[in-house]
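# Inside the fold
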Amino acid sequence: MSVSTAALDPSVCAPLPVLGQDVTVPLVTGGEVTYAALDYAASAPALQRVWDDVAAYAPYYGSVHRGAGYLSQLSTDLFENSRRTVAEFLGCRPEDQVVFTRSTTDSLNLLAAAIPANCQVFVYETEHHASLLPWRNAQVTYLNAPRTPGQAVETLERALAARDPYGPALVCVTGASNVTGELWPVKELAAAAHAHGARIVLDAAQLAPHHPVDIAELDVDWVAFSGHKLYAPFGSGVLAGRADWLQAADPYLAGGGASRKVARRADGGVDVDWHTTAARHEAGSPNVIGVYSIASACKALTEAGFDNLVAREQELVSRVREGLAEVPEVQVLSLFGDDAPRVGVISFVVRGWNSSHFAAALSAEYGIGVRDGLFCAHPLVRTLLGSDPQDPGECGAPEAEPGERSLNAIRVSFGAGTPDEHIDRFLRAVTELVREGAQWKYRTEDGRCVPDRGEAPQV
């Protein structure tokens with residue numbers, strides 16, 4: 001997934017316009033500053049292009065697949081054209097289906113509900129909870145965290161070689177870690193899965209916004225991702241890939257849209273003929289605006305030139321990593337080492353600091369939004385921190401007072417809409433906080449570290 005930067009045109013490498021880029025926020029020390037959104041891994045700001053497209057469509061809003069009126073017909077066309085746009089964006093094969101969901105979590109739970117009986121599922125402990133936890137009705141094998149991409153492939157091959165060769169099997173793997181940003185060897189893992197008669201689903205929540213994803217080229221069976229990480233608004237997601245398991249399974253939700261025909265039986269019961277298309281798992285009135293916003297984001301990223309976007313992001317990754325390396329107190333978390341390719345997601349801890357305290361100071365004193373906690377990947381973060389799996393600590397909740405060591409980490413993440421100034425401010429803030437300390441006092445309130453409004457600044 002490497003991209004050459006030799007022939008980049010600086011004019012097309014500028015940040016893409018996003019909502020909120022001019023929003024100012026108050027500083028606890030006085031005054032205001034333009035907000036630096038550096039939490040893309042949680043939710044990326046919507047592209048201005050996406051918002052404009054949605055606003056242009058909004059007056060023509062109508063119910064899809066159900067109305068004879070002009071607006072309903074227009075909305076239906078827009079909805080199905082969006083499906084085709086997403087399929088093209090993902091490099092889907094002709095026989096693949098694109099199912100619209102609420103999120104990556106929803107997509108993977110849908111697939112988990114559709115896997116055949118007695119399916120064996122193989123998942124690394126390094127996964128986000130969205131791909132770690134849905135397989136409750138399957139025979140799950142959790143694989144230990146690998147320390148190299150090659151070890152990841154070897155670990156999977158050993159586990160698959162020991163499985164029951166006659167039953168169905170599924171491998172679930174992330175494309176880019178939501179904690180370290182490191183890219184996983186997806187194509188090699190897909191080859192290993194297929195060599196042992198297993199299928200593979202790719203959690204592309206962090207990969208799709210940062211790199212092209214091609215289902216056919218990677219040879220994965222399914223891809224799942226969320227709109228709100230792909231520069232679209234909240235509430236929409238995608239599960240794309242093979243249709244057979246989805247067609248054979250009961251609908252994810254039972255209701256209108258999923259059924260083709262419903263009739264009463266003589267005995268008083270109901271006979272249902274379910275759709276075999278993607279509609280089988282899209283019961284209810286769909287989120288047309290959310291679906292259209294995903295398609296708009298796919299078009300915007302493609303038209304901007306993904307190679308240029310990737311190359312610029314890699315420049316930002318290098319600047320952040322080099323800047324953090326100049327602060328000895330900062331430890332960047334990594335599975336595969338410094339040379340591993342990665343996207344714009346970097347997690348770290350600061351010696352002598354509670355991570356929630358540090359993140360709170362970045363926000364209150366510099367107007368910088370990052371994430372602290374375990375990032376809904378508890379086993380992975382605990383492994384990277386060298387803590388016991390039973391140690392306390394949970395997403396977003398400090399288990400120590402400001403100034404004490406915590407079992408959480410800090411995550412900075414960025415992407416196509418990040419200005420250079422936000423990166424510069426972040427690196428300056430990290431250096432100043434480590435060298436000079438926070439300017440304000442902080443306290444824990446409702447599980448969060450916040451400025452103590454009753455205290456004067458520290459001198």
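For the structure itself, look to the data block above.
Residues numbered from 1 in each chain as written. Predicted model: local features only at pLDDT ≥ 70, side-chain atom pairs only at ≥ 80, totals over all residues. Heavy atoms only, no water.

### A look at the packing of helix H1 (residues 48-57) against helix H9 (residues 288-304)
Each packed pair of helices is defined by two parameters, the angle between the axes and the distance between the axes. Relative to each other, H1 and H9 sit at 140 degrees, their axes nearing to 9 Å. By the criterion of interaxial angle, the relationship of H1 to H9 is oblique. The way H1 lies across H9 gives a crossing that is right-handed. Between H1 and H9, the residues in contact are Arg49, Val50, Asp53, Val54 and Tyr57 and Val288, Ile289, Tyr292, Ser293, Ser296, Ala297, Lys299, Ala300 and Glu303, respectively. (Axes fitted to C-alpha atoms, helices over the stretch in contact; angles between N-to-C directions. Helix = DSSP H or I, 4+ residues; strand = E, 2+ residues; numbered from the N terminus. Parallel < 35°, antiparallel > 145°, perpendicular 65-115°, else oblique. Left-handed = near helix turned anticlockwise from the far one by under 90°. Contact = heavy atoms within 4.5 Å.)

### Considerations on the environment of Leu156
Mapped onto the fold, Leu156 is located in helix H5 (residues 149-161). Taking C-alpha positions, Leu156 is 20 Å from Leu108, a pair spaced 48 residues apart along the chain. Beyond its immediate sequence surroundings of up to four residues, Leu156 is in contact with Phe122, Tyr124, Leu143, Val171, Leu189 and Ala192.

### A look at the sheet that holds strand E10 (residues 237-241)
Within the open sheet, the seven strands sit side by side as E4-E10-E9-E8-E7-E5-E6. Their pairing is mixed. Looking at which strands have only one partner, the edges of the open sheet turn out to be strand E4 (97-101) and strand E6 (139-143). Across the sheet, the mean angle separating the axes of adjacent strands is 20 degrees when strand polarity is ignored. Judged from the five bridges that link them, strand E5 (residues 120-124) and E6 form a sheet pairing that is parallel. Within E6, the residue paired with Tyr124 across the bridge is Leu143. (Pairing = 2+ DSSP bridges.)

### Observations concerning the nonpolar core
Residues Leu90 and Phe225 are the most contacted members of the largest nonpolar core, which totals 84 residues. Sorting elements by how many residues they give to this core places H9 first, with eight residues. Membership of the second largest hydrophobic core comes to 36 residues, among which are Ala36, Val350, Ala364 and Ala429. (Core = buried A, V, L, I, M, F, W, Y, C linked by side-chain atoms within 4.5 Å. Buried < 20%, exposed > 50% of the residue type's maximum accessible area, 1.4 Å probe, protein only.)

### A short note on helix H12 (residues 378-385)
Here H12 lies mainly inside the structure; six of its eight residues are buried. Considering only its buried residues, H12 is in contact with helix H4 (129-132), strand E13 (330-332), strand E14 (345-350) and strand E17 (409-413). One or two steps after H12, the chain reaches Gly386, where phi turns positive at roughly 70 degrees.

### Some details on the side chain of Thr180
Counting through the fold element by element, Thr180 comes out in the loop between strand E7 (169-174) and helix H6 (186-195). Among the polar contacts listed, one links the side chain of Thr180 to the side chain of Glu182, at a separation of 2.8 Å. Residues in contact with Thr180, not counting those within four places in the same chain, are Leu333, Ser334, Leu335, Arg342, Val345 and Leu384. (Polar contact = N/O pair within 3.5 Å; in protein donor to acceptor, adjacent residues only side chain to side chain.)

### Digging into the sheet that holds E14
The strand order across the open sheet formed by four strands is E13-E14-E17-E16, and the pairing between neighbours is antiparallel. The open sheet terminates on both sides in strands that have one partner only, identified here as E13 and strand E16 (371-373). Each strand of the sheet is rotated relative to its neighbour by a mean of 30 degrees, with strand direction disregarded. The sheet contact formed by E13 and E14 spans three bridges and is antiparallel. If you follow Gln331 over to E14, its bridge partner there is Val349.

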